[in-house]
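The chain contents come next:
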Amino acid sequence: MPDRVLGATELSGASEVLRQRAAGLGLTGVQVTPDANGITVSADGDSPDPLSRLADPAQLVLRPVVDFAPSGVTMPPPARPSAQAGNGTTAGATPSATATASSPAGTVLSELQQQFAALDCSSAAQRHDHQSSPSRPAVACGREEEEHLWYKFALGPAAVNGSDITKAEASFDDQRNAGWQVTLTFNDRGAKTFAELTGRLAAQQHPANQLAVVIDGTVVSHPSVSQAITGGAVVVSGSFSEQQARTLAAQLANAKLPATFRVSEVDVPHS
């Protein structure tokens, strides 16, 4: 159900976006029906989860990392995996990051110092979206699955966002057996900005050479960068399940919905 009244053209456009997202999720028997009260979507299957997430916005931004630290424990941060170009070749090998080329590595921006110091990502109540604007620095939480720990991050302003993405595909990394991942392809503007950003980060010291992939306010990956990544594509990994990777790709690959939709009811047919 949309948060405002939509005209026939908007409902038709929203229906097509939901249909494309459903196809990206691999759902079968999909039926999308607009009516006066909203849009009804049905599909084959015995789980309501894929349908209930079709209207989720999935806001993605790429932000330079200024600093990060574990929450709830005292320990040094781990070395990070490298960012990859779209063809799967490794583009970096050491951890690092920063908001601007002149920011000292590991120095939290003054406007974030109090927020960063107070943030405890081990508390579920604090793991919400702290971003007030893409153009402003922000703090965020992220999960390190291998260590079973939450980390807190101080991040610079967003450099690339979801509007710069023209294609998103989910796939399983057979070569390195690294699990499910999402390959993002940027438009010309995004490709240029991404190349400039990664080139700038590559010149920084740890932790200022890391790039945070932030989805709905949560850091899902923060690879280090050791050289500019050109070619207009990047691979994002973050301990995704197949369903999570396909959902993210479907949400990012297709146009934005004309309004915020909420799921009013999800029925699972019984055989």
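Here the structure is a predicted model, which means the values were calculated and not measured.

A. Structural context of the overall build of the chain. Scanning the chain from N- to C-terminus turns up 5 helices and 12 strands. Looking at the chain as a whole, 44% of its 271 residues are labelled buried. Residue pairs at least 24 apart in sequence account for 70% of intrachain contacts in the chain once pairs closer than 6 positions are excluded. In the form shown here, the chain has an accessible surface area of approximately 13,300 Å², with 48% of it arising from carbon and sulfur atoms.

B. Expanded view of the packing of aromatic side chains. Counting across every chain of the model gives 4 aromatic pairs. When the ring of F68 is compared with that of Y151, the centres are 5.9 Å apart and the planes differ by 50 degrees; the resulting orientation is tilted. Taken together, the residues F68 in strand β3 (residues 60-70) and Y151 in strand β6 (residues 149-155) connect sequence positions 83 residues apart. By relative accessible area, which is 4% here, F68 ends up buried. Judged by centre distance (5.1 Å) and plane angle (40 degrees), the rings of F186 and F194 are tilted. Among the residues examined, F186 registers a relative accessible area of 6% and is labelled buried. Counting every residue linked through ring pairs, the aromatic cluster contains F68, Y151 and F153. For the cation-ring pair, K152 lies above F116, with the distance from its terminal atom to the ring centre recorded as 4.8 Å.

C. Main features of the nonpolar core. Counting residues in each nonpolar core, the largest one holds 24 residues, and the members touching the most others are L60, L62, V182, L184 and F194. Where this core is concerned, the elements lending two or more residues are β3, β8 (165-173), β9 (179-186), α4 (188-202), β10 (211-215), β12 (233-240) and α5 (242-253). Beyond its immediate stretch of four places on either side in the chain, L60 contacts V160, N161, G162, I165, L184, V213, V214, I215 and L252. With 13 residues, the next largest nonpolar core counts L18, A22, A43 and L54 among its residues.

D. How the structure looks around the pattern of salt bridges. Applying the stated criterion across every chain, the model contains 5 salt bridges. A salt bridge links D164 to R189, with the nearest nitrogen and oxygen atoms 2.5 Å apart. Note that D164 is positioned in the loop between β7 (160-161) and β8 and R189 in helix α4, a separation of 25 residues in sequence. On the basis of relative accessibility, which here comes to 5%, the residue D164 falls in the buried class. For the salt bridge of E169 with K167, the shortest nitrogen-to-oxygen distance reads 3.7 Å.

E. Region of interest: the environment of W150. Within the element layout of this structure, W150 appears in strand β6. In sequence terms W150 and P70 are 80 residues apart; their C-alpha atoms lie 6.1 Å from each other. For W150, the contacting residues outside a window of four places in its chain are P70, S71, C121, S122, R127, C141, G142 and R143.

F. Summary view of α4. Given a rise of 1.5 Å per residue, 15 residues ought to cover 21 Å, and the 21 Å separating the end C-alpha atoms of α4 matches this to within 8%. By the burial criterion, the buried members of α4 are G190, F194, A195, L197, T198 and L201.

G. Up close: unusual backbone geometry. The omega torsion of the bond from H206 to P207 falls at 5 degrees, within 30 degrees of zero and hence cis. For P207, the position within the fold is in the loop between α4 and β10. For D216, which is not glycine, the phi torsion reads 50 degrees and is therefore positive. Mapped onto the fold, D216 is located in the loop between β10 and β11 (218-221). In this structure D216 comes out as partly exposed when scored by relative accessible area, which is 36%.

H. The arrangement of the environment of E146 in detail. Mapped onto the fold, E146 is located in the loop between β5 (138-144) and β6. The spacing of E146 and S239 is 93 residues in sequence and 9.1 Å in space, taken between C-alpha atoms.

Rules used in this analysis
- Residues numbered from 1 in each chain as written.
- Predicted model: local features only at pLDDT ≥ 70, side-chain atom pairs only at ≥ 80, totals over all residues.
- Heavy atoms only, no water.
- Helix = DSSP H or I, 4+ residues; strand = E, 2+ residues; numbered from the N terminus.
- Buried < 20%, exposed > 50% of the residue type's maximum accessible area, 1.4 Å probe, protein only.
- Contact = heavy atoms within 4.5 Å.
- Areas by Shrake-Rupley, 256 points an atom, 1.4 Å probe, with all protein chains shown as cover.
- Phe/Tyr/Trp six-rings, centres within 6.5 Å; stacked < 30°, edge-to-face > 60°.
- Lys NZ or Arg CZ within 6 Å of the ring centre and 35° of its normal.
- Core = buried A, V, L, I, M, F, W, Y, C linked by side-chain atoms within 4.5 Å.
- Salt bridge = Lys/Arg side-chain N within 4 Å of Asp/Glu carboxyl O.
- Expected span 1.5 Å × (residues − 1).

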